[in-house]
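Chain by chain, the residues run as shown.
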Amino acid sequence: MRETPPKIIGAPEVPGLIRALPDYAIFGFQGAVYYHGALYVSSNLGLLVVKDRRLTALYEWSRGDAVIEGPWLDRPGDALWAQQARDGSLLRFDGVRWQRIQLPTPRAGYSRGDILNGFQGISGSKSFWILGGGLIWRAEKSGAEWIPEPRPAIPADSRVTAFFPLGDTLAMLVPDVYVALRLRSRRERPASVYVFEPSGWKKFATLDVDGRETLTVGQTGYLRTEEGVLYAVTADKMTRLETPAPCDAIAGTSAGALLASFGRSGVFQRVADRWELRVESPFPESEGPHRVHLAESAGEIALVTAPKAGLNVTSRELPPTVVRSGTAGIWISRGKKFEPVDFPR
């Protein structure tokens, strides 16, 4: 661990950095979280800071490769975590100083596929974990030590793809790679759900899911799939939730409730066994597909969107061109409406 303060770039300089990106590097956001009254948004330019509904700064640790992954909130440690894409190292902010922390690494190291699939920070009521490469590591002493969590009796090359701290117990999702190879349909992704009990790991569910985003609120874990299906996970069952539309992002509120974005249907809060609309969608019908990130603090909701990229091939003679779908934007709620955060020009 060593102190690693970022270079602080003023908000007026950010538009110029965006314009300077090459055509193939689409400006976009990787995630968002509130911490100590500010909204932190990761991007391929660094970590953006939004305060009082306006962009105030860009934090940069490397000009040549400034991509930041995360960020993730560490509730029990009252800290903010992020990751530098260029070398995988972790960054931890305790509200006063930034520290660089080495990513926990198994003896065999990580494969190229592990790096491409990325890592995820997960906060429970008592600890903070990093999930990546099919392994789960618990942070001790603010990240000075990493303790690997035990695994169920699964094949050595199986990978944990989702993890849920549920109070005093743990649950995890493990795809059955052998069954998946025998299936012809790519949409079928059988996976097993395990929960840790005093007697050891117990498998209590097997279903076809591809976890894209996970979250724990209180004693319940939530899993959002690639298709926008939402599941609730407890220590003894996994339940598919009825939703107003396909879900594209989830987040927990500071009051301990579940928030979910359902595209043009808007952002809803889970109240008992029903959904209540919190904020209407800011997008017109013409808006294309995009990636979505959601965050909340003291009733204020942030919706962060990033364009999806693809290649458009028009002929064999001409090189493919990058096609952008959707827009990059940061939106902050005011009542039932979202208002955009304007970038300086």
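Located above this text is the structure these notes cover.
Just so we're clear, the structure is a prediction, and the values are computed from it rather than from any experiment.

Colleague: An account of the overall build of the chain is needed here, citing residue identities and associated values.
Modeller: When you go through the chain residue by residue, the secondary structure sums to 3 helices and 31 strands. Computed over C-alpha atoms, the radius of gyration of the chain comes to 20 Å, within 12% of the 20 Å expected from 2.2 N^0.38 for 345 residues, which places it in the range of a compact globule. With respect to the three principal axes, the spread of C-alpha positions in the chain is 60 × 50 × 45 Å. By the burial criterion, 51% of the 345 residues in the chain qualify as buried.

Colleague: Provide a residue-level description of the environment of Gly252, including the pertinent values.
Modeller: Residue position: Gly252 is located in strand 23 (residues 249-252). Using a relative accessible area of 14% as the deciding quantity, one classes Gly252 as buried. Separated by 52 residues in sequence, Gly252 and Gly200 place their C-alpha atoms 29 Å apart. Excluding anything up to four places from it in sequence, Gly252 contacts Leu215, Val217, Ala257 and Glu296.

Colleague: Outline the pairing of strand 15 (residues 162-166), supporting the account with residue identities and numerical values.
Modeller: A large share of strand 15 lies buried, amounting to 5 of its 5 residues. Where strand 15 lies against strand 16 (residues 169-175), 5 bridges are found, and the strand directions are antiparallel. Across the sheet, Pro165 pairs through a bridge with Leu170, a residue of strand 16.

Colleague: So what's going on with the pairing of strand 16? Which residues, and what values?
Modeller: Of all 7 residues in strand 16, 6 are buried; the element is thus mostly enclosed. Between strand 15 and strand 16, which pair antiparallel in sequence order, lie 2 residues; one of them, Gly167, sits at a positive phi of approximately 65°. The sheet contact formed by strand 16 and strand 17 (residues 190-197) spans 5 bridges and is antiparallel. Its bridge partner lying in strand 17, Pro175 is registered against Ala191.

Colleague: Which residues make up the pattern of salt bridges, and what values go with them?
Modeller: A side chain with one charge may pair with a side chain of the opposite charge, provided their charged atoms come close. One pass over the structure, following the stated rule, counts 12 salt bridges. Of the charged contacts in the structure, one is a salt bridge between Arg274 and Glu276, with a shortest N-O distance of 2.8 Å. Accessibility expressed as a relative area gives 43% for Arg274, which makes it partly exposed. Classification of Glu276 as partly exposed rests on a relative accessible area of 34%. Between Arg334 and Glu339 there is a salt bridge; the shortest N-O distance is 2.9 Å.

Colleague: Which residues make up the side chain of Thr4, and what values go with them?
Modeller: Mapped onto the secondary structure, Thr4 falls in the loop between strand 1 (2-3) and strand 2 (7-10). What makes Thr4 buried here is its relative accessible area of 16%. Of the polar contacts made by the side chain of Thr4, one reaches the backbone nitrogen of Arg100; its length is 3.5 Å. Beyond its immediate sequence surroundings of up to four residues, Thr4 is in contact with Trp61, Trp98, Gln99 and Arg100.

Rules of the game
- Residues numbered from 1 in each chain as written.
- Predicted model: local features only at pLDDT ≥ 70, side-chain atom pairs only at ≥ 80, totals over all residues.
- Heavy atoms only, no water.
- Helix = DSSP H or I, 4+ residues; strand = E, 2+ residues; numbered from the N terminus.
- Rg over C-alpha atoms; globule rule 2.2 N^0.38 Å.
- Buried < 20%, exposed > 50% of the residue type's maximum accessible area, 1.4 Å probe, protein only.
- Contact = heavy atoms within 4.5 Å.
- Pairing = 2+ DSSP bridges.
- Salt bridge = Lys/Arg side-chain N within 4 Å of Asp/Glu carboxyl O.
- Polar contact = N/O pair within 3.5 Å; in protein donor to acceptor, adjacent residues only side chain to side chain.

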